[in-house]
Amino acid sequence: MAGNRAVVYRGAGTVTVEDISYPELIIRDGPGVNRLNVGRKCEHGVIVKVVVTNICGSDQHMVRGRTTAPSGLVLGHEITGEVIEVGRDVEFIKKGDLVSVPFNIACGRCRSCKERDTHICENVNPDRPGSAYGYVDMGGWVGGQSEYVMVPYADFQLLKFPDKDQAMEKILDLTMLSDIFPTGYHGAISAGVRPGSTVYVAGAGPVGLAAAHSAQLLGASVVIVGDLNGERLAQARSFGCETVNLREHPDLGEQIAQILGVPEVDCAIDCVGFEASGHGEGAGEAPAIVLNSIMEVTRAGGRLGIPGLYVTGDPGAVDEDAKIGTLKVRLGLGWAKAHTFVTGQTPVMRYHRDLMMSILSGKAQIAKAVNATVISLDQAPGAYAEFDQGASKKFVIDPHGVFK
């Protein structure tokens, strides 16, 4: 039997690359595995040889110690790979297929899945609706920053690439289909972006850049990206976005007015989440600032897409309320302006095929937009540290040396 190596969370600020068990079509006990999932058979699943897998900002929240993730958790939910073993009950996915794995684990059988809300599947996580690979409170499914991983409900979930050779030529774009591209696109769709829209994107990390590129694909007339990091803002400008530096100029409305002539936009997207920092030089953490600021600058009747992560458990929060996800949000402002808020994880399967076709046709250039940067599995701990310092890169792990 082949071995397996993976990126493992070992406590706040620490990730290591370790030998782990080769995957089986069954859930074994381990860090973060809900006891009700232990022994669960997955003959509807496949074993995937990981071709590429990415580091996500959501992983970084755990690695910083800002969640209740247990030590020993295998990380990674952005997975693209080749099917090398199929379970007894798999009918349509075959050995050798090159596939994108949605980060949402979804059964395809429950009410939510049948209504295309695969981000809140009711059958895969005994703790709450919704699940993901290698993530805290998500049922304990083993993560995919590894050489091999088990993927359940394969016939329903997996997106097969129609031509393997063509797919490998665009693999740095296609690897973004498992999470970041659909997440950015979902943020833009949720915010109501349409041809001619003026859009504000809070955050120039990879998800913010993906949201900005998605807004462009949807026909936005102006996309403005705000951040505190000059390097990340430069990346946003590299593909045609306007930018505002909130460290140097903390008044967001004033900066938007300098670009648009008015201090408001049609719609806004929060790609920062609960670890937001206050605006201005030396400002500390302010977990509700993005939510409040996008309400301030979005026109009355506008929509707010909120793919940025908010949690119910944050041991490193700035106050006791924030430790349980209770934030000082100006809901009255949003109510008075008749805003629509869309929150939660992204239902990847709602979008991934269309986005795949945009990539294969050359319309979408997502790898360029997020500055995809290939690393080996052994380089992952260093990449986590670099990402934590604000590097404007989307790290793509190549566990089998495909890019050598």
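Keep in mind that this is a model prediction, so the values were computed, not measured.

Quick notes on the rules
- Residues numbered from 1 in each chain as written.
- Predicted model: local features only at pLDDT ≥ 70, side-chain atom pairs only at ≥ 80, totals over all residues.
- Heavy atoms only, no water.
- Helix = DSSP H or I, 4+ residues; strand = E, 2+ residues; numbered from the N terminus.
- Rg over C-alpha atoms; globule rule 2.2 N^0.38 Å.
- Buried < 20%, exposed > 50% of the residue type's maximum accessible area, 1.4 Å probe, protein only.
- Contact = heavy atoms within 4.5 Å.
- Areas by Shrake-Rupley, 256 points an atom, 1.4 Å probe, with all protein chains shown as cover.
- Lys, Arg positive; Asp, Glu negative; His and termini not counted.
- Charge placed at Lys NZ, Arg CZ, Asp CG, Glu CD.
- Salt bridge = Lys/Arg side-chain N within 4 Å of Asp/Glu carboxyl O.
- Polar contact = N/O pair within 3.5 Å; in protein donor to acceptor, adjacent residues only side chain to side chain.
- UniProt positions renumbered as here; feature names shortened; annotations may be inferred.
- Axes fitted to C-alpha atoms, helices over the stretch in contact; angles between N-to-C directions.
- Parallel < 35°, antiparallel > 145°, perpendicular 65-115°, else oblique.
- Left-handed = near helix turned anticlockwise from the far one by under 90°.
- Phe/Tyr/Trp six-rings, centres within 6.5 Å; stacked < 30°, edge-to-face > 60°.
- Pairing = 2+ DSSP bridges.
- Disulfide = S-S within 2.5 Å.
- Core = buried A, V, L, I, M, F, W, Y, C linked by side-chain atoms within 4.5 Å.
- Arc of directions from axis to C-beta.

Asker: When you look at the overall build of the protein chain in this model, what are you seeing that I'm missing?
Answerer: The helix and strand tally for the protein chain stands at 14 helices and 15 strands. Taken over the C-alpha trace, the protein chain has a radius of gyration of 20 Å; the compact-globule value for 404 residues is 22 Å, and the two agree within 12%. Projected onto its principal axes, the C-alpha positions of the protein chain cover 65 × 50 × 40 Å. Residue burial in the protein chain is summarised as follows: out of 404 residues, 56% are buried. Intrachain contacts of the protein chain at a sequence separation of at least 6 include 70% that bridge at least 24 residues. Accessible surface, the protein chain: about 16,100 Å² in total, of which carbon and sulfur atoms supply 48%. Here the protein chain holds 37 positive side-chain charges and 46 negative ones, and the gap between their average locations is 5 Å.

Asker: Hey, could you run me through the pattern of salt bridges in this one?
Answerer: One pass over the full model with this rule turns up 19 salt bridges. In this structure, D388 and R64 form a salt bridge, with 2.5 Å as the shortest nitrogen-oxygen distance. Of this pair, D388 sits in helix α14 (residues 380-388) while R64 sits in the loop between α1 (57-63) and β4 (79-86), and the two are 324 residues apart along the sequence. Take D388: its relative accessible area is 33%, and that puts it in the partly exposed class. Through salt bridges with shared partners, a single network forms among R64, R66, E275, E285, D314 and D388.

Asker: When you look at the side chain of N104 in this model, what are you seeing that I'm missing?
Answerer: Relative to the helices and strands, N104 resides in the loop between β5 (98-101) and α2 (111-114). Here N104 falls in the buried class, since its relative accessible area comes to 1%. Of note is the side chain of N104, whose polar atom sits 2.9 Å from the backbone oxygen of T346. Contacts of N104, omitting those with residues within four sequence positions, involve T118, H119, S131, Q157, Q345, T346, P347 and V348.

Asker: Explain the UniProt feature "domain: Alcohol dehydrogenase-like N-terminal" (unreviewed entry) in the protein chain to me, please; I cannot follow it from the model alone.
Answerer: If you check UniProt for "domain: Alcohol dehydrogenase-like N-terminal" (unreviewed entry), the listed places come out as residues 44-162 in our numbering. Within the segment residues 44-162, helix and strand shares are 13% and 23% respectively, and the terminal C-alpha atoms sit 22 Å apart.

Asker: Looking at this model, I keep getting lost on the packing of helix α6 (residues 180-190) against helix α7 (residues 206-217). Mind explaining?
Answerer: When two helices pack together, their arrangement is given by the angle between the helix axes and the distance between those axes. Contact pair α6 / α7: the axes reach a minimum separation of 7 Å and the direction vectors enclose 60°. Considered as vectors, α6 and α7 are oriented oblique to each other. By crossing handedness, the relation of α6 to α7 is classed as right-handed. Listed contacts from α7 to I180, F181, T183, G184, Y185 and A188 of α6 are P206, V207, A210, A211, H213, S214, A215 and L217.

Asker: It is not clear to me how the UniProt feature "domain: Alcohol dehydrogenase-like C-terminal" (unreviewed entry) in the protein chain should be interpreted in this structure. Could you clarify?
Answerer: The residues that UniProt annotates with the feature "domain: Alcohol dehydrogenase-like C-terminal" (unreviewed entry) are residues 206-274. Helix makes up 42% of residues 206-274 and strand makes up 23%, while its end C-alpha atoms are separated by 16 Å.

Asker: Sorry if this is basic, but what is going on with the packing of aromatic side chains here?
Answerer: Here a ring pair, both rings aromatic, is described through the centre-centre distance and the interplanar angle of the planes. The final tally for this structure, using the stated rule, is 2 aromatic pairs. Taking the centre distance of 5.1 Å and the plane angle of 55° together, the rings of Y22 and Y148 count as tilted. One end of the pair, Y22, is in the loop between β2 (15-19) and β3 (46-54); the other, Y148, is in strand β6 (residues 148-151), and 126 residues separate them in sequence. In this pair, the class of Y22 matches that of Y148, namely buried. Arranged with centres 5.4 Å apart and planes meeting at 70°, the rings of Y185 and Y351 form a pair that is edge-to-face. With a gap of 166 residues between them, Y185 in helix α6 and Y351 in the loop between β13 (340-343) and α12 (352-360) connect regions that are remote in the sequence.

Asker: Explain the sheet that holds strand β10 (residues 242-245) to me, please; I cannot follow it from the model alone.
Answerer: Sheets are built from strands that pair by backbone hydrogen bonding, the pairs being arranged parallel or antiparallel. Reading across from one edge, β10-β9-β8-β11-β12-β13 is the order of the 6 strands in this open sheet, with parallel pairing throughout. Of all the strands in the sheet, the pair left with one neighbour each is β10 and β13. Between one strand axis and the next, the sheet turns through 20° on average, direction left out of account.

Asker: What am I meant to see in the state of the cysteines here?
Answerer: Where two cysteines share a covalent bond between their sulfur atoms, that bond is called a disulfide. Counted by the stated rule, this structure contains 0 disulfides. Residue C241 stays outside any disulfide, its sulfur separated by 11 Å from that of C271, the closest cysteine.

Asker: Hey, could you run me through the environment of R350 in this one?
Answerer: Looking at the secondary structure, you find R350 in the loop between β13 and α12. Each C-alpha atom, one on R350 and one on H119, is 9.9 Å from the other, the two residues being 231 residues apart in sequence. If we ignore the near neighbours within four places in the chain, the residues touching R350 are R116, D117 and H119.

Asker: It is not clear to me how the side chain of K394 should be interpreted in this structure. Could you clarify?
Answerer: With respect to the element layout, K394 can be found in strand β15 (residues 394-398). By relative accessible area, K394 is classed as buried at 1%. When sequence neighbours within four positions are dropped, the list of residues in contact with K394 reads N54, I55, C56, E78, M176, I180, P206, V370, N371, A372 and T373.

Asker: Help me understand the nonpolar core, please; the structure alone is not making it clear to me.
Answerer: Where a protein is soluble and globular, its nonpolar side chains tend to be buried together. Membership of the largest hydrophobic core comes to 48 residues, with the highest contact counts inside it found for L177, V193, V201 and V225. When residues in this core are grouped by element, the largest group, 6 residues, is from α7. Residues in contact with V225, not counting those within four places in the same chain, are Y200, V201, G203, A204, A212, L233, A236, C241, E242, T243 and V244.

Asker: Whenever I open this one, helix α8 (residues 230-237) confuses me. Can you help?
Answerer: Because each turn of an α-helix spans 3.6 residues, side chains separated by three or four positions in sequence point in the same direction. Among the residues of α8, R232, L233, Q235 and A236 are the ones counted as buried. Buried residues in α8, looked at end-on, bunch into an arc of 155°, giving them a common side. For α8, the secondary structure elements touched by its buried residues are α7, β9 (222-227), β10, α13 (366-370) and α14.

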